Amino acid sequence: GKGIFLHHSLNDQFVQSTGCCHDPTMPRCCCSIAADTCLGVIQAMNNWAIEVNRCQIQNYAGEAYMNNTTTQTSTTQVKTEISFSDEDKGITCMTATGESCVANTTLCLHEHSGHFNSPAFAKAFPMAEIVIDFFARDACEINNGQWDEAAYSCKCNDDITYSGFYCLD
């Protein structure tokens, strides 16, 4: 598996959260970005969780609600939980859950960050520290290291042969 930490703004006018497709009835994306099959960001996250990170499929049908956005769910969805929420900044993250998942799959939806380019990426993207922590934790846990959130460090288990800063050596 490969950990992934997706971020998408619901009001991105360049790349739609519903996908970029040739279908004229769907919202258009910038710069001739289009695909024959519309794949929204939530479905892309779901596919990654199943196909790459081997998360178990949940069998249910209905609607999922996130940040006032309704998405139809199918019978091939992974179980998710809200892993981060900041109402003031308009950010909600969901993470695929389950013991079968071999790596972290997280999607954060931003209500009003546009294309993360105005006035500049550093100001429009408020989660840089959290993204760095995500990848450090993911690297640490590859060989069953224990991530210490407070110290931002990885402790290698005594019963494994790995060492180094992220237990990768």
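Criteria and cut-off values
- Residues numbered from 1 in each chain as written.
- Predicted model: local features only at pLDDT ≥ 70, side-chain atom pairs only at ≥ 80, totals over all residues.
- Heavy atoms only, no water.
- Helix = DSSP H or I, 4+ residues; strand = E, 2+ residues; numbered from the N terminus.
- Buried < 20%, exposed > 50% of the residue type's maximum accessible area, 1.4 Å probe, protein only.
- Areas by Shrake-Rupley, 256 points an atom, 1.4 Å probe, with all protein chains shown as cover.
- Pairing = 2+ DSSP bridges.
- Axes fitted to C-alpha atoms, helices over the stretch in contact; angles between N-to-C directions.
- Salt bridge = Lys/Arg side-chain N within 4 Å of Asp/Glu carboxyl O.
- Contact = heavy atoms within 4.5 Å.

**Notes on the overall build of the protein chain**
Stage number 1. The helix and strand tally for the protein chain stands at three helices and ten strands.
Stage number 2. When the helices and strands of the protein chain are read in sequence order from the N terminus, they spell out β-α-β-β-β-β-β-β-β-α-α-β-β.
Stage number 3. In the protein chain, buried positions account for 37% of the 169 residues.
Stage number 4. Within the structure as shown, the protein chain displays about 10200 Å² of accessible surface, and the carbon and sulfur contribution to it stands at 51%.

**Re the environment of Y152**
Stage number 1. With respect to the element layout, Y152 can be found in the loop between β9 (146-148) and β10 (153-155).
Stage number 2. Once the C-alpha coordinates of Y152 and R137 are considered, the two residues, 15 residues apart in sequence, prove to be 8.5 Å apart.

**Quick look at the sheet that holds strand β8 (residues 105-110)**
Stage number 1. The sheet built from four strands is open, its strands ordered β1-β8-β7-β6 with mixed pairing. Each edge of the open sheet carries a strand with a single partner, namely β1 (4-9) and β6 (80-86). Averaged over all pairs of adjacent strands, the angle between their axes in this sheet comes to 20 degrees, without regard to strand direction.
Stage number 2. Both strand β7 (residues 91-96) and β8 contribute to a ladder of five bridges, which runs antiparallel. When the sheet's bridge partners are listed, C93 is paired in β8 with C108.

**Things to note about the pattern of salt bridges**
Stage number 1. Inspection of the entire model under this criterion finds two salt bridges.
Stage number 2. Residue R137 is joined to D133 by a salt bridge in which the shortest nitrogen-to-oxygen separation is 3.3 Å. Here the residue R137 and the residue D133 both occupy positions in helix α3 (residues 128-141), the gap between them amounting to four residues, near one helical turn.
Stage number 3. Between R137 and E149 there is a salt bridge, with the nearest N and O atoms lying 3.1 Å from each other.

**Section: the side chain of H8**
Stage number 1. The residue H8 is located in strand β1 in this model.
Stage number 2. You can call H8 buried: its relative accessible area is 10%.
Stage number 3. Among residues more than four places away in sequence, those in contact with H8 are V15, Q16, S17, V41, C108, L109, H110 and F116.

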